[in-house]
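A closer look at the structure
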Amino acid sequence: MKFLLVLATLWAAFLLSAAEPGVTYVDHEKVAAALAKGGALVTAQDLLVSGSHRDKAGQVEVHDKETDVIYVVEGEATFVTGGTMIGGKTTKAGQSLGTDIKGGDTRHLGKGDVIVVPAGVPHWFKEVPHSISYYVVKVLKP
């Protein structure tokens, strides 16, 4: 429920700032496919919504201008935020990937959890015991 409130608030802010406000609808089949394999659901000037699925750990990420709002739909993972990224390399403008985090906060994420990772903060799906499906709302800074 928290995620829906966060998403609704972000989406309302986007619509109020748009020159020509509109409604975006994504049908359940596209949503299900994105949650099963990963994929974009909504792309706007200052907002991206994606469905994601993992069955293994990822790389450490740092986004210079993207705040990630993550809502777990199914599964669980160990998620690390903050600290210092180790082995970081710029992979594209505004994004670095690394191999580890020194320090940081470790959390267990499970179904129904929401976590917001501000731009510039290292984050990492460190362990995924089975699988995890989640939505990511990326709020883009100008």
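Residues numbered from 1 in each chain as written. Predicted model: local features only at pLDDT ≥ 70, side-chain atom pairs only at ≥ 80, totals over all residues. Heavy atoms only, no water.

1. Looking at the side chain of S133
- Mapping S133 onto the fold places it in strand β12 (residues 132–140).
- Setting aside anything within four residues of it in sequence, one finds S133 in contact with L35, S52, H53, Y71, V72, V73 and E74. (Helix = DSSP H or I, 4+ residues; strand = E, 2+ residues; numbered from the N terminus. Contact = heavy atoms within 4.5 Å.)

2. Some points on the pattern of salt bridges
- Scanning the entire structure with this criterion turns up four salt bridges.
- One salt bridge connects R54 with E61, and the closest N-O pair in it is separated by 4.0 Å.
- According to the relative accessible area criterion, E61 is buried, its value standing at 19%.
- A salt bridge links D68 to K138, with the nearest nitrogen and oxygen atoms 2.8 Å apart. Here the residue D68 occupies a position in strand β4 (residues 66–81), and K138 occupies one in strand β12, the gap between them amounting to 70 residues. As far as burial versus exposure is concerned, D68 and K138 are alike and both buried.
- Bridged by salt links that share partners, the residues E66, D68 and K138 form one connected network. (Salt bridge = Lys/Arg side-chain N within 4 Å of Asp/Glu carboxyl O. Buried < 20%, exposed > 50% of the residue type's maximum accessible area, 1.4 Å probe, protein only.)

3. A word on the pairing of strand β1 (residues 39–44)
- Taken together, the five bridges between β1 and strand β2 (residues 47–54) define a ladder with antiparallel strand orientation. By the bridge assignment, A44 is partnered in β2 with L47.
- Between β1 and the antiparallel strand that follows it, β2, lie two residues. (Pairing = 2+ DSSP bridges.)

4. A closer look at helix α2 (residues 28–37)
- V31, A34 and L35 are the residues of α2 that are buried. Burial along α2 is one-sided: seen end-on, the buried residues are contained in an arc of 95°. Exposed residues pointing more than 90 degrees away from the buried face of α2 are listed as E29 and K37.
- Where α2 begins, one side-chain oxygen reaches toward the backbone nitrogen of E29, 2.9 Å away; that side chain belongs to D27. (Arc of directions from axis to C-beta. Polar contact = N/O pair within 3.5 Å; in protein donor to acceptor, adjacent residues only side chain to side chain.)

5. Description of the environment of D46
- Within the fold, D46 resides in the loop between β1 and β2.
- Between the alpha carbons of D46 and K141 there is a distance of 6.8 Å; along the sequence they are 95 residues apart.

Structural measurements only, silent on function.
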